[in-house]
Amino acid sequence: MNRYVLIEDVQMSFSTRQGLYVALKDVSLTIARGEFITLIGHSGCGKSTLLNLVAGLLMPSDGILLCAEREIAGPGPDRGVVFQNHSLLPWLTCFDNVHLAVERVFGATEGKAQLNQRTHDALGLVHLTHAEQKYPHEISGGMKQRVGIARALAMQPKVLLMDEPFGALDALTRAHLQDELMKIVEKTNSTVIMVTHDVDEAVLLSDRVVMMTNGPAATIGEILKVDLPRPRNRLALANDVHYHRLRGAVLEFLYQKQAKDAA
Amino acid sequence: MNIRRYFGEHLLPPLIGAGLFIVVWMILAQSSEALPGPMKTWNSAVALFSDPFYQNGPNDQGIGWNILYSLGRVGVGFSLAALIGIPAGFIVGRVQFIDKMTSPIISMLRPVSPLAWLPIGLLVFQAANPAAIWVIFISSIWPMIINTAMGVRQLPTDYLNVARVLNLSEWKIFTKILFPATLPYMLTGIRLAIGTAWLVIVAAEMLTGGVGIGFWVWDEWNNLNVEHIIIAIFVVGIVGLLLEMMLVRFAKRFSY
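Note on numbering: residues in each chain are counted from 1, in written sequence order. A letter from A marks each chain and a number from 1 marks each ligand, given out in the order of writing. Restriction of local features to residues with pLDDT of at least 70 applies here, the model being predicted, together with a cutoff of 80 or more for giving and counting side-chain atom pairs; totals for whole chains, interfaces and linings are based on all residues.

Asker: So, the interface of chain B and chain A: which residues are in play, and what are the values?
Answerer: It is common to give the size of an interface as the accessible area lost on bringing the parts into contact. Here the contact rule is simple: place C-beta atoms from the backbone, and any two residues whose C-beta atoms are within 7 Å are in contact. The interface of chain B with chain A comprises 13 residues on the first partner and 16 residues on the second. By the criteria applied, helices consist of DSSP H or I runs no shorter than four residues and strands consist of E runs no shorter than two, each listed in order from the N terminus. Looking at the side of chain B that touches chain A, the elements that each hand over two or more residues are α7 (157-166) and α8 (170-208) of chain B. For the side of chain B that touches chain A, the element with the most residues is α7(B), which contributes seven residues. Amino acids are sorted into nonpolar (Ala, Val, Leu, Ile, Met, Phe, Trp, Tyr, Cys and Pro), charged (Asp, Glu, Lys and Arg) and polar (every other residue, Gly among them). Partitioned by chemical class, the residues of the side of chain B that touches chain A number eight nonpolar, two polar and three charged.

As structure tokens, this is what we get:
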């Protein structure tokens with residue numbers, strides 16, 4: 001199997017006032033190129049920590065992470081990150097927010113016109129050409145998140161990392177953006193790792209759903225292969241027996257095997 | 001239609017406040033020989049402001065000149081403080097080692113009345129005017145350093161994560177993230193600084209002399225011209241208010 005992202009025996013502990021807290025233990029995962037992976041689990045299970053490790057925002061206490069055969073030693077433009085709360089810079093227009101990323105990656109090799117074209121194309125990909133000159137506070141939450149996706153994709157990353165990107169959106173906007181993301185991923189053939197709470201989102205989008213056990217010392221509990229044919233259509237899947245079987249498997253893991261009292 | 005309501009809600013209360021203020025002033029003036037009443041002060045003010053820019057030698061100049069000289073000293077001292085204090089604030093906020101190194105010194109020096117620095121200024125500069133500017137500089141620099149550093153420290157981790165993920169250069173981080181994110185804090189520092197500077201200039205000029213609103217008050221006290229002292233209090237208050245309003249308006253343009 002093609003090993004595009006490799007996570008091997010990763011352990012992550014944080015020193016807290018109560019002593020050492022082991023967040024992740026013995027996590028190993030191999031991700032192929034072009035694969036869509038979701039990480040799902042109860043809150044506090046360390047799924048965001050795992051994503052931040054791949055992003056290079058955190059360094060593992062033990063173990064190795066590789067991306068395209070190279071060790072992950074810090075954040076880099078080869079891994080585009082979409083943050084949960086969009087994290088757009090409020091003093092820059094949508095265009096400038098994306099341009100900042102484009103300039104960083106391609107500024108040394110390409111001219112001004114090309115950089116502008118790239119920025120324009122990235123915003124076009126998420127259907128926001130009309131809002132290029134708007135500031136983040138002038139557009140809706142869903143649009144902000146789309147700019148965040150455009151910013152990450154504009155860098156042409158090897159891997160797209162998404163930390164609950166649609167968590168803060170209402171259900172209808174979320175569904176719309178999920179559909180759009182599926183189309184974009186198909187078009188760009190991106191490798192994606194996405195953290196989510198949402199079982200439907202996980203099954204709808206993923207090639208594999210990685211289910212994590214509860215922390216502390218969380219690890220990968222089960223991996224579910226989602227062998228639904230693409231392109232997927234949420235309406236058709238609503239009555240699809242296999243879809244419901246897969247969905248049931250995730251629910252069973254979360255609410256039976258890893259049942260957790262409401263915090 | 002809404003003019004009456006506007007009048008009732010927004011104009012009437014301050015007018016009543018001003019009216020009461022004048023009434024209390026009148027009663028106090030009635031019961032005291034030395035304190036001039038509002039009418040007398042008003043007449044004196046009209047006379048004073050009818051010729052604000054006369055010049056009769058170095059110690060007798062119009063009120064306009066006195067105000068302008070004071071504003072000039074504040075402007076110079078304040079600008080020097082901004083020139084040094086704001087970059088210093090960025091460094092203090094960004095480099096933890098320097099923060100820890102300087103914070104005890106800043107905490108110790110900040111509560112010291114800026115006037116205590118006047119003798120040092122007189123000693124070093126051997127002249128009254130630079131010494132007064134020096135006092136303004138000292139009084140303005142603390143809020144600028146402290147607020148700028150606070151802004152830098154409170155930079156949301158989200159923005160820093162963006163910078164890290166995009167792998168931005170230090171220069172880009174400064175121009176695209178650090179500076180714009182810190183600007184509102186910086187402007188708060190500037191506002192506090194100009195407030196204190198304007199407070200301090202009156203006292204500093206009383207001590208150093210020369211042309212300036214502070215010395216003018218002291219001079220009028222020596223002449224026992226109490227109307228002019230009261231006028232000076234109003235002038236200082238109004239100029240301070242205008243400075244503050246100008247900066248608030250300026251700061252509003254930079255809030256996100």
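Asker: Explain the sheet that holds strand β5 (residues 70-71) of chain A residue by residue, including any values.
Answerer: All names here are of chain A. Spatial ordering of the open sheet is given by β2-β1-β4-β5, a layout of four strands whose pairing is antiparallel. Edge strands, defined here as strands with exactly one partner in the open sheet, are β2 (19-31) and β5. The rule for pairing is simple: two strands pair if DSSP sees at least two bridges between them. Where strand β1 (residues 5-16) lies against β2, nine bridges are found, and the strand directions are antiparallel. The residue bridging Ile7 from the neighbouring strand is Leu29, located in β2.

Asker: Requested: an account of unusual backbone geometry, with residues and values cited.
Answerer: Residue and element names in this part refer to chain A. Geometrically, the link from Arg230 to Pro231 is a cis peptide bond, its omega value of -5 degrees lying close to zero. Secondary-structure assignment places Pro231 in the loop between β10 (220-225) and α7 (234-237). Non-glycine residue Asp26 carries a positive phi angle of around 50 degrees. Along the chain, Asp26 falls in strand β2.

Asker: Talk me through the sheet that holds strand β6 (residues 79-82) of chain A; I want residue IDs and the actual numbers.
Answerer: Residue and element names in this part refer to chain A. With mixed pairing, six strands are arranged side by side in an open sheet as β6-β7-β8-β3-β9-β10. Since the sheet does not close on itself, it has two edges, and those belong to β6 and β10, each with one partner. Recorded for the sheet is a direction-independent mean angle of 15 degrees between the axes of neighbouring strands. Axis geometry follows a simple rule: fit a line to the C-alpha atoms, using only the stretch in contact for helices, then measure angles between N-to-C directions, giving values from 0 to 180 degrees.

Asker: Run through the packing of helix α5 (residues 118-125) of chain B against helix α6 (residues 128-153) of chain B, naming residues and quoting values.
Answerer: All names here are of chain B. Two numbers describe how α5 lies on α6: the axes approach to 8 Å, and their chain directions differ by 135 degrees. Accordingly, the angle class assigned to the pair α5 and α6 is oblique. Handedness of the crossing formed by α5 with α6: right-handed. Counting all contacts with α5, which are made through Leu118, Gly121, Leu122 and Phe125, the residues of α6 involved are Pro130, Ala131, Trp134 and Val135. Considered class by class, the residues forming the contact of α5 with α6 number seven nonpolar, one polar and no charged. Any angle between 65 and 115 degrees counts as roughly perpendicular, while under 35 counts as roughly parallel, over 145 as roughly antiparallel, and the rest as oblique. By definition, turning the near helix anticlockwise from the far helix through less than a right angle yields a left-handed crossing, and turning it clockwise yields a right-handed one.

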